[in-house]
Amino acid sequence: MKNKVIIIAIMLIVLLMSTMFFGCAKSRVSFSLSKENIGVSINDEMYGLFLEDISYAGDGGLVSNLVQNGSFEYEYLDSKNDHFQGWKSSDIYCIISNENPLNENNTYYLHLDSSANGGNISNNGYVELYKEGTKKIDETKSDTPDMGFTKETKYEFSCYLRNIDYEGEISARIQSENNLSTALITVPTAAEGWVKVTCELEAKYSEDGFLAIDFNGVGSIDIDFVSLVSKSSYGYESSEWKYISLRQDMLDALKELSPNFIRFPGGCLAESASIEMAQYHNVDLKEYIYNWKDSIGPLEERKQIVNIWADVDRVYNNTQSMGYHEYFQLCEDLDADAIPILNVGIPCQFEAKYNKMKKKLDSGEISREEWEDYLKTVAYTPGEEDYIQYTQDVLDLIEYANGDISTEWGAKRAANGHPEPFNIKYIGLGNENWGELYWRNFDPLYNAIKEKYPEITIVSSAGYKFTGEEKEEAWEIINSKYADTIVDEHYYTGGEKLFKNNDYYDDYDRNGAKVFLGEYASTCQFFGKHITKNNLWSAIEDASYMTGLERNGDIVSMVAYAPTFAKVNSLCWDVNLIWFDSQSIVLTPNYYAQMLFSNNIGNKVINTDVNSYGFYSTTTINEEEEAIYVKIVNSNSSSVDINIDVSDFGNINMANMQYLSDKSQAACNNINSTTIVPKQKDVENTNGTISTKIDGYSINVIRIYYGSNNGEDAYVLPDIPSNMCQDVTQYNTPYITLGAFIAIMVILGVSIIGFALIGILRYIYKKKQKE
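Residues numbered from 1 in each chain as written. Predicted model: local features only at pLDDT ≥ 70, side-chain atom pairs only at ≥ 80, totals over all residues. Heavy atoms only, no water.

Just give me the short version of empty space enclosed by the protein, but keep the residues and values in it.
Taken as a whole and assessed by the stated rule, the structure comprises six cavities of 30 Å³ or more. Here the largest cavity defines a volume of roughly 80 Å³. Taken together, the elements giving at least two residues each to the lining of the largest cavity come down to β22 (556–561) and α14 (589–598). Within the lining of the largest cavity, the residues separate by chemical class into seven nonpolar, three polar and no charged. Taken as a whole, the second largest cavity encloses approximately 50 Å³ of empty space. If you go around the second largest cavity, the residues you meet are Leu51, Glu52, Asp53, Ala57, Gly58, Leu62, Met322, Tyr327 and Phe565. Split into classes, the residues belonging to the lining of the second largest cavity amount to six nonpolar, one polar and two charged. (1 Å grid on protein atoms, 1.4 Å probe; cavity = no way out; pocket = protein on both sides within 12 Å on 5 of 7 lines; lining within 4 Å. Points joined across faces, edges and corners; volume = space filled by probe spheres on them. Helix = DSSP H or I, 4+ residues; strand = E, 2+ residues; numbered from the N terminus. Nonpolar A, V, L, I, M, F, W, Y, C, P; charged D, E, K, R; others polar.)

Written out as structure tokens, the structure is:
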């Protein structure tokens, strides 16, 4: 009898422990909003974008030119035929040459010798590289034509030709399974030198294909700077977009986020090429430090660079097509503040092996003199000629953006299509930089800008870590010497760190510098591969953290998810806001979380205390517009009834809720499937109480309009993009969901503990019986 009593008692303990764990999530939440609890002012323009040419985001993505390596400037990190990357030849002799090039910045071109039978060269565009869900090269994909032709669209083909002694015809051709369009090119005479030639081609069907240039003649001819651009692309032939145009669907996706600022062009891209590239050319890494002046003017005269995101399997140049001028123009078109990022005369510190060398210095393995010699190989030195010139380059950028047309660089801006100043307000000095070298190079640049352009707000850097000594040191230096800067923090997290640190900014010094969270993203560790890692669970983690960012909007002034774009099966980074291929675009749950938050925000916080286990919330208000935004993120599996007393705000004219939810945390969108998009529903409004039910695993924005605001101007959810899968289907997870996994593990763990206790008690009981 006693044995049975003990077993029943243990079972009750196990049941109680399980109930305590699973009962943490509330089934009903009620709270009040009152005018007396209106708190600090926040920046209602805190949400923006970060754009960098990574994963074909720029060249091969946003930039409309479909030709990869059209200027034959690509480089390998070995002795292969570097500059023919992306091209094929058939029945024609061709060789890369750099004798008497098109110009000093575009130094390579293709020389061809055609026989009586003729021949052709062809380009497949920015092809997909990897096997699905991996970073392993797929030989079939990487050899498959991937220029995305659009139905009933005309394309402008252009290139530069220099005739040596060629006689005959040359034609351009686009081709796919059902598309075939050919047009003759005017062949220049031998006396004309380099001549730009164009023709028009037309696609009848939306298919992937390739570009070919056919030579039907005899003799030698040189070709360079080949491009193929849709005449339907954004900015084509407009005076503002003088040199390039943009892929319309990708631009539209940016526009729907209503960005208040754009940070560009990096990221690591704005720092330098890789150390391997410097070693390959046997030069100091500082020779590859990025300079904005290489990115403006006619495309064929811009100095292309090896993209820092190149690796062993990917030959990857940055053509500078999306240069600083184009970014300024994009910001103007999207009504966003421009935040151009410049390095401080130092390369990417990861590439420079900075921490490794610093440890050697600190341990005595190298002397101070050797340390200084090392710094001279990787960075410009204040007071020396290269740093003095670089300082002028930085000041010239501000003059380019803001100077009158009568100034040297203001005149260059006007020549590039924008007579009026762009009127930038910010400039960033550094990207993920830290330590002695950064502050040594930052200080003179900071002083030079403040002396000549005191109205410009400088963005400083606090490194790349979520926490740590380097970050603490950076903040100490900034708040003592550069408190008028905005501090650029970056961190990419796993292990549900953002869930666990919702209060991260609660204790930041309100009298110090403001925070610019310039790059951040969570990575789901339990399920998903690449595009499917951008799932609902990662979006919920992002959104849970964003409630903390808004609550601390008096110190966190700007926020940007990163990276923004990635081409499917061509990625350099695992998680990305927007995925695309040659024909389609995929808006992720993370994208929709950003969209809901950025388009529904007030300018003051209403203090509430409703956060609990797995439940995150913040409320903002715009008193002038008489609008309240209650954001609730539910990371629990169970739904919650919400009751909000808003009677203190008088007559409620309209209330509704925009939300994102699914039964599976793994729900995600892909090229051929759409399973999760935001929805809107009305909420109940009874005698000043707003009532609704929010789903488990959901991101919610309750919008309340009172006083004279009837909600007519409230943000309206957009339609699914026409080139995103239109049929929204139920997500069928191939994985065990995180909630189910945790539940099983908890039940298993509790059971093991319970049975262990039973065993121990039975052993004690039997021992006492024997005694």
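Please give an account of the pattern of salt bridges that cites residues and values.
Within this structure, the stated rule accounts for 29 salt bridges. With a shortest N-O distance of 3.3 Å, Lys425 and Asp337 are connected by a salt bridge. With Lys425 in the loop between α9 (408–415) and β18 (426–429) and Asp337 in strand β17 (residues 337–342), the pair connects residues that are 88 residues apart, well separated along the chain. According to the relative accessible area criterion, Lys425 is partly exposed, its value standing at 42%. Given a relative accessible area of 22%, Asp337 falls into the partly exposed group. Connected via shared salt-bridge partners are Arg28, Asp641 and Lys693. (Salt bridge = Lys/Arg side-chain N within 4 Å of Asp/Glu carboxyl O. Buried < 20%, exposed > 50% of the residue type's maximum accessible area, 1.4 Å probe, protein only.)

So what's going on with the sheet that holds strand β1 (residues 28–32)? Which residues, and what values?
On the basis of which strands lie adjacent, the open sheet formed by four strands has the order β1-β29-β33-β32 and mixed pairing. Edge positions in the sheet fall to β1 and β32 (684–686), since each of these pairs with one other strand and no more. Between one strand and the next, the sheet's axes are offset by a mean angle of 20°, whatever the strand orientation. Pairing geometry for β1 and strand β29 (residues 640–645), over five bridges, is parallel. Bridge pairing in β29 links Ser32 to Asp645. (Pairing = 2+ DSSP bridges. Axes fitted to C-alpha atoms, helices over the stretch in contact; angles between N-to-C directions.)

Give me the layout of surface pockets: which residues, what numbers.
Taken as a whole, the largest pocket encloses approximately 850 Å³ of empty space. Contributions of two or more residues to the lining of the largest pocket are made by α2 (58–62), β8 (147–149), β9 (153–163), α3 (248–256), β25 (585–587) and α14. Sorting elements by how many residues they give to the lining of the largest pocket places α3 first, with five residues. Residue composition of the lining of the largest pocket, grouped by class: 18 nonpolar, 17 polar and seven charged.

A description of the packing of helix α8 (residues 385–402) against α9 should follow, citing residues and the corresponding values.
Two numbers describe how α8 lies on α9: the axes approach to 7 Å, and their chain directions differ by 50°. By the criterion of interaxial angle, the relationship of α8 to α9 is oblique. Considering the relative orientation of α8 and α9, their crossing is right-handed. Every residue of α9 that contacts α8 at Asp396, Glu399, Tyr400, Ala401 and Asn402 is listed here: Glu408, Trp409, Gly410, Lys412 and Arg413. Of the residues assigned to the contact of α8 with α9, the class counts are three nonpolar, two polar and five charged. (Parallel < 35°, antiparallel > 145°, perpendicular 65-115°, else oblique. Left-handed = near helix turned anticlockwise from the far one by under 90°. Contact = heavy atoms within 4.5 Å.)

So, the nonpolar core: which residues are in play, and what are the values?
Of all hydrophobic cores here, the largest spans 163 residues; its most connected members are Phe328, Leu330, Ile449 and Tyr505. Sequence-distant contacts of Leu330, that is, excluding residues within four places in its chain, are made with Leu51, Leu62, Trp241, Leu246, Leu251, Ile262 and Met322. Ile96, Leu161, Ala203 and Phe215 belong to the second largest nonpolar core, which has 34 residues in total. (Core = buried A, V, L, I, M, F, W, Y, C linked by side-chain atoms within 4.5 Å.)

Report on the pairing of β29, specifying residues and quantitative values.
Within a regular strand, side chains alternate between the sheet's two faces. Bridge count between β29 and strand β33 (residues 689–694): six bridges; the pairing is antiparallel. Among the inter-strand pairings, Val640 is bridged to a residue of β33, identified as Ile694.

Could you give an account of the packing of aromatic side chains, with specific residues and numbers?
Considering all chains together, one arrives at 49 aromatic pairs under this definition. Where Trp439 meets Phe442, the ring centres are 5.4 Å apart and the plane angle is 75°; that geometry is what we call edge-to-face. With Trp439 and Phe442 both in helix α10 (residues 435–452), this residue pair falls three residues apart, about one helical turn. An aromatic cluster is defined as three or more aromatic residues linked by ring pairs; in this entry it consists of Phe264, Tyr290, Trp292, Tyr324, Tyr327, Phe328, Tyr400, Trp409 and Phe422. The aromatic ring of Tyr109 is capped on one face by Arg162, whose charged end is 5.1 Å from the ring centroid. If you follow Lys681 out to its NZ or CZ, it ends over the ring of Tyr659, 5.5 Å from the centre. (Phe/Tyr/Trp six-rings, centres within 6.5 Å; stacked < 30°, edge-to-face > 60°. Lys NZ or Arg CZ within 6 Å of the ring centre and 35° of its normal.)

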